[in-house]
Amino acid sequence: MKKILVHERFKQDWIQVLTHIANLFFEDSKLYESIEDPDLSVHFQYKQENNCYSTACQLEVDGKTFYSTYSKQYDNDGNDREQNIRMKRALSHVLLDVLEQYTGITQQWGILTGVRPTKLYHKLRKQGLARDDINEVLKKDFRVSDEKITLLNSIVERQLTTIPDLDEIGKEVSVYIGVPFCPTKCAYCTFPAYAIAPNRKTGRVASFLDALHIEMREIGKWLKEHDMKVTSIYWGGGTPTSIEAEEMDALYQTMYESFPNPENIREITVEAGRPDTITPEKLAVLKKWGIDRISVNPQSYTDETLKAIGRHHSVRETIDKFWLARNSGMNNINMDLIIGLPNEGIEEFRHSLNETEKLMPESLTVHTLSFKRASEMTKNKDKYKVADRATVARMMEMAQEWTRANGYHPYYLYRQKNILGNLENVGYSKPGEESIYNIVIMEEVQTIVGIGCGAASKFVNPETGAITQYYNPKEPFQYIASFEGAIEKKIEMLDQLYGVELKK
């Protein structure tokens, strides 16, 4: 961990932002007001005068000194919150600059440390800025590189083609349904995913499914009563194909019976990510209910890697299950690859791309490995050797080159903390095969009602864009014990959001 001495006393939210900037360069860092023998020492100067925000930063490290200044003139005073954001942004500029000088690393995302860069783009677009003006803001105010700006332009264009009414879709809702079971838990995973076999023995799988049926019916009842249109439904988890075919069949019947106007739902996706859960019987159930958008996720086409990360399927099984799904009528298949998995480098990733080319799924999501705090991989980092920054950057370039050459277009993007190389996760698809749900969840343009274990609900005000979140319990036992209260809370929040008079 890098210990950084900051000679000024800053507010906690300023310290938090500056720590995020420092962590772009170092695996871990902490800012101190007072500490002996710091690794780096920084002095800041800052002032606000006539709507001009000026900052300076001097970095002292290893007997060397690095210096940077920045200023930005605004057209208006701004409220207290806006003034605070402006100063944090100005301080981020100079800290980023001196750390780039010191390390020789250029951060292509500039001072952006949030999850959704495209959301910022859409915000600027809705303010009436033309593309060139948006590009200028991203470059000057946020230090985003030309390469990443080009990527954002391509993604936003594809999103608006896929959902022409993107700016109006807040009048509808989408639904996420979480099934928290998997054959095993992967080493990098922090999703609510629990091994299904022991939960089956204790009866928790059956009890969970009973509760899930009730939650779907109750939420669906509210949606019907208030004539809400459902844009998309996404079955995630966990792996929702971990349960038996007849259990899936019963859930889909409840879904179609409960939600309003199912024939008008634009998209239903089932995350069948673990190939070892896919069977002819389960595919027949999907086909029965008209669902043909699924995921079959290899993550890697190297068997040794799959074993290292805790996936109990082989590369051969991934390929076989892909063709089983395709021949069963699955016409929109997504596959995931992860850049930077343990012991993988350029050659292993090239092999994964070559194998993907033999299958040509409708969409390919390229993730960059992220060390999530609660994952097995993060808790035992010494056990997992991963690629360096230059290697993962080259692998991302390979993914861009491969998708471009094979007719795929980027259509959504998100980033994570502690992501290798300060890169991103990008969803690519063939034209017309984009996932509506992936776009609306990433851009936060409409309410997502979360149902099931670990499901997150995001209540998005269609007028202001303000977001309120509510989380169902992650652990199956806790969900079973408290799902009725969760239903009541979400219905209350829906009533408040859409101006419905609360029941006495």
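For the protein chain, the name recorded in an unreviewed UniProt entry is Coproporphyrinogen III oxidase, with Ureibacillus suwonensis as its organism.

Digging into the overall build of the protein chain
In terms of helices and strands, the protein chain carries 16 helices and 18 strands. For the protein chain, the spread of C-alpha atoms along the three principal axes comes to 70 × 60 × 45 Å. With 504 residues in all, the protein chain has 56% of them scored as buried. Here the contacts in the protein chain between residues at least 6 apart in sequence split such that 73% fall between residues at least 24 apart. Put simply, the protein chain shows about 22,400 Å² of open surface, and 47% of that area lies on carbon and sulfur atoms. Taking the 63 positively charged and 72 negatively charged side chains of the protein chain as two groups, their mean positions are separated by 1 Å.

Description of the packing of helix H4 (residues 131-142) against helix H5 (residues 146-162)
Two numbers describe how H4 lies on H5: the axes approach to 10 Å, and their chain directions differ by 140°. With respect to their mutual orientation, H4 and H5 come out oblique. Our pair here, H4 against H5, has a crossing hand that is right-handed. Only Asp 146, Ile 149, Leu 152, Asn 153 and Glu 157 of H5 make contact with H4, whose side of the interface consists of Arg 131, Asn 135, Leu 138 and Lys 139. The residue inventory of the contact of H4 with H5, partitioned by class, reads three nonpolar, two polar and four charged.

Brief notes about the confidence of the model for the protein chain
The share of residues in the protein chain with pLDDT of 70 or more is 94%, and the mean pLDDT across the chain is 92. The lowest-confidence element of the protein chain is helix H13 (residues 376-379), averaging 51 in pLDDT; the highest-confidence one is helix H8 (residues 245-258), averaging 98.

Topic: the packing of aromatic side chains
Remark: the centre distance and the inter-plane angle together describe each pair of aromatic rings, the angle taken between the planes. The full count for this structure, using the stated rule, is 20 aromatic pairs. The interplanar angle of 10° and the centroid separation of 6.3 Å between the aromatic rings of Tyr 412 and Tyr 414 together place this pair among those described as stacked. Among the aromatic side chains, those forming a connected cluster through ring pairs are Phe 10, Trp 14, Phe 44 and Tyr 46. Positioned above the aromatic ring of Tyr 74 is the side chain of Lys 72, whose terminal nitrogen or guanidinium carbon lies 5.4 Å from the ring centre. Positioned above the aromatic ring of Tyr 74, the side-chain terminus of Arg 86 is 4.0 Å from the ring centre.

Section: the pairing of strand E9 (residues 230-237)
Among the eight residues in E9, eight count as buried, and that is most of the element. Summarising the sheet, strand E6 (residues 173-179) and E9 pair through six bridges and their orientation is parallel. Bridging across to E9, Val 175 finds its partner in Ile 233. Sheet topology places E9 next to strand E10 (residues 267-270); four bridges connect them, and they run parallel. Looking at E10, one finds that Tyr 234 is bridged to Thr 269. Each parallel crossover has a hand, and for E9 linked through H8 to E10 it is right-handed.

Thoughts on the sheet that holds strand E2 (residues 29-32)
With mixed pairing, the five strands of this open sheet are ordered in space as E2-E1-E3-E4-E5. Strand pairing shows two members of the sheet lacking a second neighbour, E2 and strand E5 (64-73), which therefore form its edges. Taken over all neighbouring pairs, the strand axes of this sheet differ in orientation by 20° on average, direction set aside. Of the pairings in the sheet, the one linking strand E4 (residues 52-61) to E5 comprises ten bridges and is antiparallel in character. Opposite Val 61, over in E5, you have Lys 64 as the bridge partner. With respect to the sheet, helix H1 (residues 12-23) is in contact with strand E1 (2-6), E2 and strand E3 (40-49), its orientation differing from that of E2 by roughly 140°.

Here we look at the pattern of salt bridges
As enumerated under the stated definition, the model contains 30 salt bridges in all. The residue Lys 126 makes a salt bridge to Asp 167 at a minimum N-O spacing of 4.0 Å. In this pair, Lys 126 is assigned in helix H3 (residues 117-126) and Asp 167 in the loop between H5 and E6, connecting sequence segments 41 residues apart. For Asp 167, a relative accessible area of 40% gives the class partly exposed. What emerges from the salt-bridge pattern is a single network uniting Arg 116, Lys 119, Glu 444 and Lys 458.

Quick word on the nonpolar core
Phe 44, Leu 99, Leu 212, Ile 233, Trp 235, Tyr 252 and Ile 294 are the most contacted members of the largest nonpolar core, which totals 128 residues. In this structure, Ile 169, Tyr 437, Val 440 and Met 442 belong to the second largest nonpolar core, which totals 17 residues.

What counts as what
- Residues numbered from 1 in each chain as written.
- Predicted model: local features only at pLDDT ≥ 70, side-chain atom pairs only at ≥ 80, totals over all residues.
- Heavy atoms only, no water.
- Helix = DSSP H or I, 4+ residues; strand = E, 2+ residues; numbered from the N terminus.
- Buried < 20%, exposed > 50% of the residue type's maximum accessible area, 1.4 Å probe, protein only.
- Contact = heavy atoms within 4.5 Å.
- Areas by Shrake-Rupley, 256 points an atom, 1.4 Å probe, with all protein chains shown as cover.
- Lys, Arg positive; Asp, Glu negative; His and termini not counted.
- Charge placed at Lys NZ, Arg CZ, Asp CG, Glu CD.
- Axes fitted to C-alpha atoms, helices over the stretch in contact; angles between N-to-C directions.
- Parallel < 35°, antiparallel > 145°, perpendicular 65-115°, else oblique.
- Left-handed = near helix turned anticlockwise from the far one by under 90°.
- Nonpolar A, V, L, I, M, F, W, Y, C, P; charged D, E, K, R; others polar.
- pLDDT = per-residue confidence, 0-100.
- Phe/Tyr/Trp six-rings, centres within 6.5 Å; stacked < 30°, edge-to-face > 60°.
- Lys NZ or Arg CZ within 6 Å of the ring centre and 35° of its normal.
- Pairing = 2+ DSSP bridges.
- Right-handed = clockwise from strand over helix to strand, strands pointing away.
- Salt bridge = Lys/Arg side-chain N within 4 Å of Asp/Glu carboxyl O.
- Core = buried A, V, L, I, M, F, W, Y, C linked by side-chain atoms within 4.5 Å.

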